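Summary of structural features
Listed below are the residues making up each chain.
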Amino acid sequence: MAGAEEYLGKALAIAQRAADTQLGAIRVAAGLVADALAGGKTFWVFGTGHSHALAEELYGRAGGLADVRAILEPGLMLHEGLQKSSLLERLPGLADVLLEINPLAAGDVVLIASNSGRNAVPVEFALGARARGVQVIALTSLAHSNAVTSRAPGGQRLFETADVVLDNCGEPGDALIEVPGTPEPTGATSTLVGALLLQALTVEVVTRLTDRGQPPNILRSLNV
């Protein structure tokens, strides 16, 4: 088994492991989000680098919650340059600026996605949010985080700052497949498994709110 077949088998195994082990955390996280939305509070989503795609997975998505606010800082995404994004997400103090211009408030919930969980911006954003009375859900790779040191000044990794942790069950470095003759492994899983967990979270939130007699606004595709 090699190439695409090997990747599909191993990636699906990781997805199944996440489905088997993360249901409890999804339910806890969904309870936080449902309570916030039912109480008129805000559900925020944030990610840096490739993890910004997971924030977008919850924002403006067909079948998703309409009442989601995404923090999509251009310099922390990839379209202004990979090097720029990589350097900025390590910059201490930048999270304070983002928290100043995005009005997170007590009773809100924020989901922060970061595969490694080691860089200053996601860690400091989580700490700053909690200092404001916001509950934090982390989407991360515990295996990766536990294999590295923090780049945040306080030494924490994202999972150490969160109220609830969703583990994407990925390998350190994200990529799975060792191809003979190539210097690095290939075939990442953090985005596909992260999206799976976040869609499960969305369905759980919708179910809980509907069971309370408060069905949320759900986005319908503009293309149907």
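Quick look at the structure, then. Only a predicted model underlies this, so the values are computations on that prediction, with no experimental measurement involved. (Residues numbered from 1 in each chain as written. Predicted model: local features only at pLDDT ≥ 70, side-chain atom pairs only at ≥ 80, totals over all residues. Heavy atoms only, no water.)

**Side note on the overall build of the protein**
Threshold: Starting at the N terminus, helices and strands are each numbered in turn, a helix being any DSSP run of H or I of at least four residues and a strand any DSSP run of E of at least two. Within these notes, the globule rule equals 2.2 Å times the number of residues to the 0.38 power, and the radius of gyration is based on C-alpha atoms. Burial here depends on accessible area, computed with a 1.4 Å probe over protein chains only, as a share of the maximum for the residue type. Under 20% is buried, over 50% is exposed, and the range in between is partly exposed. Contact definition: two residues touch when any of their heavy atoms are within 4.5 Å. Per-residue and other accessible areas were derived by the Shrake-Rupley procedure at a 1.4 Å probe size, with only the shown protein chains allowed to occlude residues. When charges are counted, neither His nor the chain ends are considered; positive counts come from Lys and Arg and negative counts from Asp and Glu. To locate a charge, the coordinates of NZ of Lys, CZ of Arg, CG of Asp or CD of Glu are taken.
Looking only at helices and strands, the protein has 8 helices and 7 strands in total. Scaling as 2.2 N^0.38, a compact globule of 224 residues should have a C-alpha radius of gyration of about 17 Å, and the protein matches this with 17 Å. Expressed as lengths along the three principal axes of its C-alpha atoms, the size of the protein is roughly 55 × 40 × 35 Å. For the protein, the proportion of its 224 residues judged to be buried stands at 47%. Put simply, 79% of the contacts in the protein that link residues at least 6 apart link residues at least 24 apart. As displayed, the protein has an accessible area near 10500 Å², and 54% of this comes from carbon and sulfur atoms. In the protein, the 16 positive side-chain charges and the 23 negative ones have mean positions that sit 3 Å from each other.

**Details of the packing of helix α2 (residues 23-38) against helix α8 (residues 190-211)**
To be explicit about the condition: Simply put, an axis is a line fit to the C-alpha atoms, just over the touching stretch for a helix, and the angle between two N-to-C directions goes from 0 to 180 degrees. Put simply, angles under 35 degrees are roughly parallel, angles over 145 are roughly antiparallel, angles from 65 to 115 are roughly perpendicular, and the rest are oblique. What makes a crossing left-handed is the near helix being turned counterclockwise from the far one by less than a right angle; a clockwise turn instead makes it right-handed.
Where α2 meets α8, the closest approach of the two axes is 9 Å, and the angle between their N-to-C directions is 50 degrees. By the angle class used here, α2 and α8 are oblique. As for how α2 packs across α8, the hand of that crossing is right-handed. Between α2 and α8, the residues in contact are Ile26, Arg27, Ala29, Ala30, Gly31, Val33, Ala34, Leu37 and Ala38 and Leu197, Ala200, Leu201, Glu204, Val205, Arg208 and Leu209, respectively.

**A look at the pattern of salt bridges**
Rules: Whenever a carboxyl oxygen of Asp or Glu lies within 4 Å of a side-chain nitrogen of Lys or Arg, that contact is scored as a salt bridge.
Tallied over the entire structure, the rule returns 7 salt bridges. The closest approach of N and O atoms between Arg212 and Asp35, which form a salt bridge, is 2.3 Å. Here Asp35 lies in helix α2 and Arg212 lies in the segment after α8, a separation of 177 residues in the sequence. The class of Arg212 is partly exposed, set by a relative accessible area of 42%.

**A word on the side chain of Ser51**
Examined against the element boundaries, Ser51 turns out to sit in the loop between β1 (43-47) and α3 (52-57). The exposure class of Ser51 is buried, given its relative accessible area of 11%. Excluding its chain neighbours within four sequence positions, the residues that come into contact with Ser51 are Ala113, Ser114 and Asn115.

**Details of the packing of aromatic side chains**
Applicable threshold: Classification of ring pairs rests on two measures: the distance between centres of Phe, Tyr or Trp rings, Trp counted by its six-membered ring, which must be within 6.5 Å, and the angle between planes, read as stacked under 30 degrees, edge-to-face over 60 and tilted in between.
For the structure shown, the criterion picks out 1 aromatic pair. With centroids separated by 4.6 Å and ring planes inclined at 35 degrees, the aromatic side chains of Phe46 and Phe125 adopt a geometry described as tilted. With Phe46 in strand β1 and Phe125 in helix α6 (residues 120-131), this pair connects stretches of sequence that are 79 residues apart. In this structure Phe125 comes out as buried when scored by relative accessible area, which is 0%.

**A closer look at the packing of helix α1 (residues 3-21) against α8**
In a pair of packed helices, the angle between the axes and the distance between the axes together describe the arrangement. Operational definition: When residues are sorted by character, Ala, Val, Leu, Ile, Met, Phe, Trp, Tyr, Cys and Pro go into the nonpolar class, Asp, Glu, Lys and Arg into the charged class, and all the rest, Gly among them, into the polar class.
Contact geometry for α1 and α8: axes closest at 10 Å, N-to-C directions at 35 degrees. Handedness of the α1/α8 crossing: right-handed. Across the interface between the two elements, Tyr7, Ala11, Ile14, Ala15 and Ala18 of α1 pack against Leu192, Val193, Leu196 and Leu197 of α8. Across the contact of α1 with α8, the residue classes tally to 9 nonpolar, no polar and no charged.

**Some remarks on α6**
Heads up, the rule is: Any helix carries an expected span of 1.5 Å times its number of residues minus one.
The first and last C-alpha atoms of α6 sit 16 Å apart over 12 residues, in line with the 16 Å expected at 1.5 Å per residue. Extensive coverage of α6 is indicated by the burial of 9 of its 12 residues. Among all positions of α6, only Ala120, Val121, Pro122, Val123, Glu124, Phe125, Ala126, Gly128 and Ala129 are buried. The secondary structure elements touched by the buried residues of α6 are β1, β2 (68-71), α4 (82-88), α5 (94-101), β3 (109-113) and β4 (135-140). Within two residues after α6, Gly133 carries a phi angle of roughly 85 degrees, on the positive side.

That's the geometry; what it means functionally is another story.
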